[in-house]
Amino acid sequence: MLEQLDDLQRALLRDVVIVPCGLSASQPHLIDLEFARLQGGSLYYATGDASYGSLIVRDSELSGLTDYMYIWYPTSTSVIERSILDGVQLSIGTDGGGAVEIRNNLFKGSQAYVEVWAAYSKPVLVEKNTFPASGGPYLRLKAGYSSTAMNATLNYWSGATD
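Student: I'd like a description of the pattern of salt bridges, backed by residues and values.
Tutor: Two side chains that carry opposite charge are able to pair once their charged atoms sit near each other. Per the counting criterion, the structure on display carries seven salt bridges. Notably, a salt bridge pairs E81 with R82, separated by 3.6 Å at the nearest N-O pair. Beyond isolated ion pairs, a larger network of salt bridges with shared partners links E34, R58, D59, E81, R82, E101 and R103.

What follows is the structure in structure tokens.
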């Protein structure tokens, strides 16, 4: 359900399910979510099927998602930046088709994390984010996977838990 804009001019999407749907590498999708508030529902969850495309989340607020976000081998650069991610869990794998950049975000809640399970060409970039001072771990390389890599510099841990 799309509702009116808030004082920051963000569209409110409540209990909406946004699923990646690129069925072939020759026709990839792009999900571009900017200046939005996504409350409940899900964004980019694991469907069990291959999906070809990329994701952009900018200047948005995500909270109460019912499932983790599963960024599966993006075909072009996927970016999550300048957003508030309340309890958001990211599971990421790249294969050289596209990079993933997570930067300048505020992560809230003890359940939030960024996990990389594959990075075959270059590390997933996680920089200049703020994470809660307690809880975690917030940055993870998936155990048992041999080709994981994350560049996690210039992040900040503070009391940002509420």
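Following the structure, the description resumes.
Student: Account for the nonpolar core, with residues named and values stated.
Tutor: Here is a general trend for soluble globular proteins: nonpolar side chains tend to be buried in one another's company. In terms of nonpolar packing, the biggest core is built from 32 residues, with L43, L55, L62, M69, I80 and L90 touching the most fellow members. For this core, the elements supplying multiple residues, two or more each, are strand 4 (29-34), strand 5 (36-39), strand 7 (53-58), strand 9 (69-72), strand 12 (89-94), strand 13 (100-103), strand 15 (113-119) and strand 16 (124-127). Looking at this core element by element, the count peaks at three residues for strand 15. Not counting residues up to four positions away in its chain, the partners in contact with M69 are L43, Y44, L55, L62, I80, V88, Q89, L90 and S91.

Student: If you had to explain unusual backbone geometry to someone new, which residues and values would you point to?
Tutor: Of note, the amide linkage connecting G136 to P137 takes the cis form, showing an omega dihedral of 10°. Examined against the element boundaries, P137 turns out to sit in the loop between strand 17 (130-132) and strand 18 (139-141). A positive phi is found at D15, a non-glycine position, where the angle reads about 55°. Along the chain, D15 falls in the loop between strand 2 (11-14) and strand 3 (17-18). On the accessibility criterion, D15 (57% relative accessible area) is exposed.

Student: Tell me about the environment of R10, residues and numbers included.
Tutor: Within the secondary structure, R10 is located in the loop between strand 1 (2-3) and strand 2. When its relative accessible area of 12% is taken as the criterion, R10 is described as buried. In terms of polar contacts, R10 uses its side chain to reach the side chain of E61, at 3.5 Å.

Student: Report on the sheet that holds strand 19 (residues 150-151), specifying residues and quantitative values.
Tutor: Across a sheet, strands are paired by hydrogen bonds formed along the backbone, either parallel or antiparallel in direction. The strand order 4-7-10-13-16-19 describes an open sheet built from six strands, whose pairing is parallel. The open sheet is flanked by strand 4 and strand 19, the only strands paired with a single partner. Here four bridges tie strand 10 (residues 78-81) to strand 13, and the two strands are oriented parallel to one another. Along strand 13, the bridge assignment pairs E81 with R103.

Student: Go over the pairing of strand 7, please, and point to the residues and values.
Tutor: Within strand 7, five of the six residues are buried, which leaves the element mostly enclosed by the surrounding structure. Of the strand pairs in this sheet, strand 4 and strand 7 are connected by six bridges, and their pairing is parallel. Along strand 7, the bridge assignment pairs I31 with L55.

Student: Outline the pairing of strand 5, supporting the account with residue identities and numerical values.
Tutor: As defined by bridge partners, strand 2 adjoins strand 5 across four bridges and the pair is classed as parallel. From the neighbouring strand, R14 faces strand 5, where its bridge partner is Q39. When strand 5 meets strand 8 (residues 61-63), the two strands line up parallel, connected through three bridges. Counterpart to L38 in the pairing with strand 8 is L62.

Conventions adopted
Residues numbered from 1 in each chain as written. Predicted model: local features only at pLDDT ≥ 70, side-chain atom pairs only at ≥ 80, totals over all residues. Heavy atoms only, no water. Salt bridge = Lys/Arg side-chain N within 4 Å of Asp/Glu carboxyl O. Core = buried A, V, L, I, M, F, W, Y, C linked by side-chain atoms within 4.5 Å. Buried < 20%, exposed > 50% of the residue type's maximum accessible area, 1.4 Å probe, protein only. Helix = DSSP H or I, 4+ residues; strand = E, 2+ residues; numbered from the N terminus. Contact = heavy atoms within 4.5 Å. Polar contact = N/O pair within 3.5 Å; in protein donor to acceptor, adjacent residues only side chain to side chain. Pairing = 2+ DSSP bridges.

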